[in-house]
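# Report on the structure
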Amino acid sequence: MNLTNFRVTAGEGRTLSFTARDASGAVLVITDGTLLFELLTQRGGVKIFTKAGAIVSGAAGTYTVTLTDSDTENFASGNRWFRVFATVSGTTTKCNEGRVLVDGIRGEGTSETIP
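What counts, and at which threshold
- Residues numbered from 1 in each chain as written.
- Predicted model: local features only at pLDDT ≥ 70, side-chain atom pairs only at ≥ 80, totals over all residues.
- Heavy atoms only, no water.
- Helix = DSSP H or I, 4+ residues; strand = E, 2+ residues; numbered from the N terminus.
- Buried < 20%, exposed > 50% of the residue type's maximum accessible area, 1.4 Å probe, protein only.
- Contact = heavy atoms within 4.5 Å.
- Areas by Shrake-Rupley, 256 points an atom, 1.4 Å probe, with all protein chains shown as cover.

## Points about the overall build of the protein chain
The helix and strand tally for the protein chain stands at one helix and nine strands. Ordered by position from the N terminus, the helices and strands of the protein chain form the series β-β-β-β-β-β-β-α-β-β. Among the 115 residues that make up the protein chain, the fraction classed as buried is 36%. A separation of at least 24 residues holds for 63% of the contacts in the protein chain among residues at least 6 apart in sequence. If you sum the accessible surface of the protein chain, you get close to 5900 Å²; carbon and sulfur atoms cover 48% of it.

## Notes on unusual backbone geometry
Positioned with a positive phi, aspartate 32 is a non-glycine residue whose angle comes to about 60°. When you line up the elements, aspartate 32 lands in the loop between strand 3 (14-19) and strand 4 (34-40). Exposure remark for aspartate 32: the relative accessible area of 77% places this residue in the exposed category. Non-glycine residue serine 89 carries a positive phi angle of around 50°. Mapped onto the secondary structure, serine 89 falls in the loop between strand 8 (78-88) and strand 9 (91-103).

Right under this line is the structure:
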């Protein structure tokens, strides 16, 4: 599983690119699988929304998740958490997770940084 951090600005769309990995860090083959991105209030927190991922190369484990401007338009500044689950042949694996730093509503800004 990959731990990844990214930054997003409220009201702007963004396409995120990932490589799915299993718990040992090996690339997860996701051919014919499905991907579910969940944005949470914090690690282990309440789900804000979910999005389907789009497979780029199943054999290489690569995929994208597209956040639209309407997905992010009401975000306040601060940290959120995301996780992505891949389901292949009936088996579900958490393949990516990490922190999302939000630059808030209409350029509200934040002084927080992701290490």
